[in-house]
Amino acid sequence: MNNYYEFNNLSIDKESFKYFNSLSTNLLNTYLNDNFDYIESYLEKFSNVFKVIFNGQDYDEFYYSCKSLIEELNDIKIILNILKDRDNE
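Now for a quick tour of the structure. (Residues numbered from 1 in each chain as written. Predicted model: local features only at pLDDT ≥ 70, side-chain atom pairs only at ≥ 80, totals over all residues. Heavy atoms only, no water.)

**Examining the overall build of the protein chain**
The condition that has to hold: Segments assigned H or I by DSSP are reported as helices when at least four residues long, segments assigned E as strands when at least two residues long, and all are numbered from the N terminus. A contact between two residues is defined here by any heavy atoms of the two lying within 4.5 Å. Residue-level accessible areas treat just the shown protein chains as cover; the underlying method is Shrake-Rupley with a 1.4 Å probe.
Along the backbone of the protein chain there are three helices and zero strands. Of the contacts formed within the protein chain by residues at least 6 apart in sequence, a portion of 79% connects residues at least 24 apart. As displayed, the protein chain offers around 6,600 Å² of accessible surface, 49% of which is attributable to carbon and sulfur atoms.

And the structure:
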């Protein structure tokens, strides 16, 4: 996979790449849209979670939500590179 966008922290996950590369361009675009919506909802949640964190709540849920968000961002990077590669064909 070429890193057309020169993402600094692009994880080369071969299973994810194979999966996304097998999808049509329309499905990839739909997936990207869904991922952005998902990320947006998490960012909204995070803005409210800060209040909870400082009231003595356990931070594990926040930590794992952040890790999930990072995985979503990496999937978006993979998809963007696949779509760019298809545009170059």
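Next, the rest of the story.
**Observations regarding the layout of surface pockets**
In plain terms, the rule: Space inside and on the surface of the protein is sampled on a 1 Å grid over the protein atoms alone, with a cavity defined as a set of points where a 1.4 Å probe fits but cannot get out and a pocket as an open set with protein on both sides within 12 Å along at least 5 of 7 lines; lining residues have an atom within 4 Å of a point. Grid points are joined across faces, edges and corners, and a volume is the space filled by probe spheres set on the points. Note on residue classes: Ala, Val, Leu, Ile, Met, Phe, Trp, Tyr, Cys and Pro are nonpolar, Asp, Glu, Lys and Arg are charged, and everything else, Gly too, is polar.
Reported here for the largest pocket is a volume of approximately 190 Å³. Every residue lining the largest pocket is listed: Asn9, Ser11, Asp13, Ser16, Ile70, Glu71, Leu73, Asn74, Asp75 and Lys77. Per element, the largest residue contribution to the lining of the largest pocket is six residues, and it comes from helix H3 (residues 60-88). For the lining of the largest pocket, the class distribution of residues is two nonpolar, four polar and four charged.

**Overview of the environment of Asn2**
Heads up, the condition is: Think of it in three bands: with a 1.4 Å probe and only protein chains considered, a residue is buried below 20% of the maximum accessible area for its type, exposed above 50%, and partly exposed in between. Any pair of nitrogen or oxygen atoms within 3.5 Å is treated as a polar contact; in protein, a donor-acceptor pairing is required on top of that, and neighbouring residues in sequence qualify only through side-chain atoms on both sides.
Looking at the element boundaries, Asn2 is found in the segment before helix H1 (14-21). The class of Asn2 is partly exposed, set by a relative accessible area of 45%. For Asn2, the residues in contact, after removing those within four places along its chain, are Asn81 and Asp85. Looking at Asn2, its side chain comes within polar contact range of the side chain of Tyr4, at 3.0 Å.

**Regarding a negative patch on the surface**
Where we set the bar: Residues enter a patch when their relative accessible area is above 30% and they make no salt bridge; the linking distance is 9 Å between like charges and 5 Å between nonpolar side chains (Val, Leu, Ile, Met, Phe, Trp, Tyr). When a carboxyl oxygen of Asp or Glu lies within 4 Å of a side-chain nitrogen of Lys or Arg, that pair is called a salt bridge. Under this rule, positive means Lys or Arg and negative means Asp or Glu; His and the chain ends count for nothing. By convention, charge coordinates are those of NZ in Lys, CZ in Arg, CG in Asp, or CD in Glu.
A grouping of Asp34, Asp37, Glu40 and Glu44 is seen on the molecular surface, where their side chains present a negatively charged patch. The residue Asp37 is located in helix H2 (residues 25-53) in this model. Asp37 gets classed as partly exposed once you look at its relative accessible area, which sits at 44%.

**Describing unusual backbone geometry**
Within the chain, Glu6 stands out as a residue other than glycine whose phi angle is a positive 55°. Looking at where Glu6 falls in the secondary structure, it is placed in the segment before H1.

**Section: the packing of aromatic side chains**
The relation between two aromatic rings is expressed through the spacing of the ring centres and the mutual angle of the planes. What counts here: Aromatic rings from Phe, Tyr and Trp, taking only the six-membered ring of Trp, are treated as a pair when their centres fall within 6.5 Å; an angle between ring planes under 30 degrees marks them as stacked, one over 60 as edge-to-face, and anything in between as tilted.
For the structure on display, the rule yields four aromatic pairs. Taken together, a centroid distance of 5.6 Å and an interplanar angle of 35° make the contact between Tyr5 and Phe7 tilted. Owing to a relative accessible area of 41%, Tyr5 belongs among the partly exposed residues under this scheme. You can call Phe7 partly exposed: its relative accessible area is 23%. Taking the centre distance of 5.0 Å and the plane angle of 55° together, the rings of Phe20 and Tyr31 count as tilted. Placement of the pair is Phe20 in helix H1 and Tyr31 in helix H2, with a sequence separation of 11 residues. In this structure Tyr31 comes out as partly exposed when scored by relative accessible area, which is 23%. Every member of this aromatic cluster is reached through a ring pair, and the members are Tyr19, Phe20 and Tyr31.

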